Number of protein chains: 2
Amino acid sequence: MSSGKILVAQGGGPTAVINQSMVGVALEARRFQNVTRIYGALHGVRGIVNEDFLDLTQETSHNLELVAATPSSALGSTRDKPDMAYCRSIFDVLRAHEIEHFFYIGGNDSADTVRIVSEQARQAGYPLRCIHIPKTIDNDLVGNDHTPGFPSAARFVAQAFAGANLDNAALPGVYVGVVMGRHAGFLTAASALGKKFPDDGPHLIYLPERTFELERFLADVKATYERHGRCVIAVSEGIHDASGQPVATLLAKEIERDQHGNVQLSGTGALADLLCDEIKGKLGIKRVRGDTFGYLQRSFIGCVSDVDQREAREVGEKAVQFAMWGDRDGSVAIKRTGFYSVDYELMPLDQVAGKTRTMEDEFISESGTDVTDAFRLYLRPLLGSGMPDAFRLRGVAVQKVLKR
Amino acid sequence: MSSGKILVAQGGGPTAVINQSMVGVALEARRFQNVTRIYGALHGVRGIVNEDFLDLTQETSHNLELVAATPSSALGSTRDKPDMAYCRSIFDVLRAHEIEHFFYIGGNDSADTVRIVSEQARQAGYPLRCIHIPKTIDNDLVGNDHTPGFPSAARFVAQAFAGANLDNAALPGVYVGVVMGRHAGFLTAASALGKKFPDDGPHLIYLPERTFELERFLADVKATYERHGRCVIAVSEGIHDASGQPVATLLAKEIERDQHGNVQLSGTGALADLLCDEIKGKLGIKRVRGDTFGYLQRSFIGCVSDVDQREAREVGEKAVQFAMWGDRDGSVAIKRTGFYSVDYELMPLDQVAGKTRTMEDEFISESGTDVTDAFRLYLRPLLGSGMPDAFRLRGVAVQKVLKR
């Protein structure tokens, strides 16, 4: 069994349960007497090169449990992507602090960071165990049935559309809700779980897995509006035309990119406004409203899946166990074993790092604007217990007197 | 005691608890043996002139309870504002159906509708008891301590900012959240209840009760950003310049108005995008994100104040009691009697109809960009039980080795 100091950090976008994984690492590591210190790096890899560490050994278990139940990254996060020089700085710091275990909680970009650090350590002959702990609301990590953070964000999206559908039924018109998800449509597809009655919205769902054609979109909206007298639409921020150009960037004044080369899609209402303007202008429908769910869907406090909470805790605990009892670096992955049960495996880092999973074809309807029952079966158990439910008046009509 | 058929309808924007009031009317009315029928009009006053009634007498109590717990207007709503001819149509229908009690759940526009209908009935010599039941997330009805619907929307806004603050702390930058509220800043001010630790956001709150000056706004943001390394801002959609021109309309391509002459402010991300562009361009801050809470804040399913639920139920029940045991038309109002307790009164319709309450000066800090403790004392009990709480690592720093 290896020993010494361990370091945990959080990278990429925060989620509702990323602190569960961090606390899972911290509390599980306390059970190993050979672990002398548990450090947390502030703001991910940037905190490592800056030697900005908190000593988690000096936190009370009680406070750690409360932090675990708090959304967003308690250690802070970063979008930095280490290159070779950056990694060399990381080693200098790790070596100086005699750290022998590095746990990084994040998405496929963070997995790539772990892979590079792991390779650099091996090349440098430094005894460092590197474990990537999965996290992303996009659900786009390969090899995982799903990723911690996704179920809670999916729950938010499902609840948001369940409410938006009720609102739209009360004051009919067209409602466009734009959901996060650059390449993977899982989160947008979760809007379908907000449907209950057969004529409920979202009536149309646009995913980045399918090419977006404005003319077809307008025809879909027109047909739905004529049928139901209203139309609720879920749109992924990542929808793109046939050339792969994101629709959101077609009208952006300046395109902002992060260090991973990703175009900034969130934090602006431009896509919803563009689509609403098209519907108003081309279809002549007057009441057209667009919302961009933005950061609410990943940071809203008080909307969390209990299934997500416990799995996020367990991937942190399993990461420590894989590190202490195993003999290789890797990425913890969630595997579904029943309806509904899971187990955890340690995957090779290069099988996860930098790769993007998108929605499987079996989850998308033939029309391309709805999900299948296979997707409902996949997602429903992840949303957890206590999902709010919507009810209607049964509606016995009163006979008209004047207009009969 | 009066008798006969009663009619209930819902007007204006839906809320999380408006169905509590409708069900409060329906179930309380069942206790009166002289009530022969309880009708619900579909889509407010429009449903009356169209004779689109549901017979709520034929709904099960069980289903009514489930509908009560469902957000948005189960009977449907409308933005129609009846003129004299419209009201004459209403009377024709009410008389034809022998309806003697009219309950209309809505805001100050709906109260005005009730006032006009009441006057028309009196002038026509038709024995109609008209009661307005308060409802609005804007909390802008005069004579009420607060209005049903506001506490749940305020809870959503407080939870949203609590989460946005955590997200912004993890990935620092500037975050702008735009909140509903045309003339009254109560809902935007509710963002302050998302603050816990002294350096938490929202750091700046912009209300329609104060004139918005772009230069001062930018100076405020710059100062906050320099102090905290980040800045979370709550902005009312109704902020306006010294001439009263809404900032949101300064860049709108075409201005949409409803039948009450109100400019359409929601359902677009333009205001948030405008402010973000100004911050990026003028202050040179790179990571600037804007969210417009839009319809989520009034229709999200699963975020409700239990205090709001029971008060919304009671205003419906009291409306029936005032109608059955009283001798005049009026508007039910919530009066605060303790910390925290309430009672209900019947106010004259013309004291509520068409009037707009705005935030009292004692609720706004001298800076104009924060709330006072008086406001916190006012709002906190309304948010109800089980408010989610945020926790932090206490943060014992590890001594640097390389950079010491």
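- An unreviewed UniProt entry lists chain A under the name Pyrophosphate--fructose 6-phosphate 1-phosphotransferase, with Massilia horti given as the organism.
- What UniProt states about chain A under its Cofactor (unreviewed entry) heading is, verbatim, "Mg(2+)".
- Database annotation for chain A, UniProt heading Pathway (unreviewed entry): "Carbohydrate degradation; glycolysis; D-glyceraldehyde 3-phosphate and glycerone phosphate from D-glucose: step 3/4."

**Considering the overall build of chain A**
In step 1: Of regular secondary structure, chain A possesses 12 helices and 11 strands.
In step 2: A principal-axis box enclosing the C-alpha atoms of chain A has dimensions of 85 × 45 × 35 Å.
In step 3: By the burial criterion, 62% of the 404 residues in chain A qualify as buried.
In step 4: When contacts within chain A are restricted to residue pairs at least 6 apart in sequence, long-range pairs at least 24 apart make up 76% of them.
In step 5: Total accessible area computed for chain A in this model is approximately 14600 Å², and 47% of it derives from carbon and sulfur atoms.

**Some remarks on the pattern of salt bridges**
All names here are of chain A.
In step 1: Counting across every chain of the model gives 40 salt bridges over all chains.
In step 2: The shortest N-O distance in the salt bridge between Glu-226 and Lys-222 comes to 3.1 Å. Of this pair, Glu-226 and Lys-222 both sit in helix α8 (residues 214-228), 4 residues apart, roughly one helical turn.
In step 3: On the basis of relative accessible area, Lys-222 is assigned to the partly exposed category, the value being 42%.
In step 4: Among the ionic contacts, a cluster of salt bridges with common partners joins Lys-81, Asp-112, Arg-115 and Glu-119.

**Notes on the packing of helix α1 (residues 18-29) of chain A against helix α11 (residues 306-325) of chain A**
Residues and elements named next belong to chain A.
In step 1: One can describe the packing of α1 onto α11 by two numbers: an axis separation of 7 Å at closest approach and a directional angle of 40°. For the element pair α1 / α11, the angle class is oblique. Crossing angle aside, the handedness with which α1 passes α11 is right-handed. For the pair formed by α1 and α11, the contact residues are Gln-20, Ser-21, Val-23, Gly-24, Val-25, Leu-27, Glu-28 and Ala-29 on the first element and Gln-309, Ala-312, Arg-313, Val-315, Gly-316, Glu-317, Val-320 and Gln-321 on the second.
In step 2: Its residues assigned to classes, the contact of α1 with α11 shows 7 nonpolar, 6 polar and 3 charged.

**A closer look at the state of the cysteines**
In step 1: Across all of its chains, the model carries 0 disulfides over all chains by this definition.
In step 2: Just so you know, Cys276(A) is unpaired, no disulfide at all, and the nearest cysteine sulfur is the one on Cys231(A), 11 Å from it.
In step 3: A disulfide-free cysteine, Cys87(B) has its sulfur positioned 9.5 Å from the sulfur of Cys130(B), the nearest such atom.
In step 4: The exposure class assigned to Cys87(B) is buried, which follows from its relative accessible area of 0%.

**Comments concerning the interface of chain A and chain B**
In step 1: Across the boundary between the two partners, chain A contributes 92 residues, which contact 92 residues of chain B.
In step 2: Across the chain A/chain B interface, buried area totals approximately 7100 Å², and carbon plus sulfur atoms make up 58% of it.
In step 3: Together, Ile301(A), Leu393(A) and Val398(A) form the three largest contributors to the area buried by chain A at its contact with chain B, with a combined 10%.
In step 4: Summed over the shared surface of chain A and chain B, the number is 4 salt bridges.
In step 5: Counting every contact that joins chain A to chain B gives 42 residue pairs in polar contact (both at pLDDT 80 or more).
In step 6: Of all the secondary-structure elements, those providing two or more residues to the side of chain A that touches chain B are β3 (53-55), α3 (61-68), α4 (84-96), α6 (150-170), α9 (270-283), β9 (288-292) and α10 (296-299) of chain A.

**Details of the sheet that holds strand β7 (residues 204-206) of chain B**
Residues and elements named next belong to chain B.
In step 1: Read across the sheet, 4 strands follow the order β7-β8-β6-β9 without closing on themselves; strand pairing throughout is parallel. Here the strands that pair on one side only, and so sit at the sheet edges, are β7 and β9 (288-292). Geometrically, the sheet is characterised by an average inter-axis angle of 15° between neighbouring strands, direction not taken into account.
In step 2: Packed onto the sheet, helix α9 (residues 270-283) meets β6 (174-179), β8 (231-236) and β9 and runs at close to 165° relative to β9.

**As for the sheet that holds strand β10 (residues 330-338) of chain A**
Residues and elements named next belong to chain A.
In step 1: As summarised here, the arrangement of the 7 strands in space is β3-β2-β1-β4-β5-β10-β11, forming an open sheet in which the pairing is mixed. One side of each edge strand has no neighbouring strand; the edge strands of this open sheet are β3 and β11 (341-347). On average, each strand axis in the sheet is inclined to that of its neighbour by 30°, with strand direction left out of account.
In step 2: Relative to strand β2 (residues 35-41), strand β1 (residues 4-10) is paired through 5 bridges, and the arrangement is parallel. Paired with Gly-4 across the strands is Val-35, a residue of β2.

The rules behind these values
Residues numbered from 1 in each chain as written. Chains lettered and ligands numbered in written order. Predicted model: local features only at pLDDT ≥ 70, side-chain atom pairs only at ≥ 80, totals over all residues. Heavy atoms only, no water. UniProt positions renumbered as here; feature names shortened; annotations may be inferred. Helix = DSSP H or I, 4+ residues; strand = E, 2+ residues; numbered from the N terminus. Buried < 20%, exposed > 50% of the residue type's maximum accessible area, 1.4 Å probe, protein only. Contact = heavy atoms within 4.5 Å. Areas by Shrake-Rupley, 256 points an atom, 1.4 Å probe, with all protein chains shown as cover. Salt bridge = Lys/Arg side-chain N within 4 Å of Asp/Glu carboxyl O. Axes fitted to C-alpha atoms, helices over the stretch in contact; angles between N-to-C directions. Parallel < 35°, antiparallel > 145°, perpendicular 65-115°, else oblique. Left-handed = near helix turned anticlockwise from the far one by under 90°. Nonpolar A, V, L, I, M, F, W, Y, C, P; charged D, E, K, R; others polar. Disulfide = S-S within 2.5 Å. Buried area = accessible area lost by both parts, 1.4 Å probe. Polar contact = N/O pair within 3.5 Å; in protein donor to acceptor, adjacent residues only side chain to side chain. Pairing = 2+ DSSP bridges.

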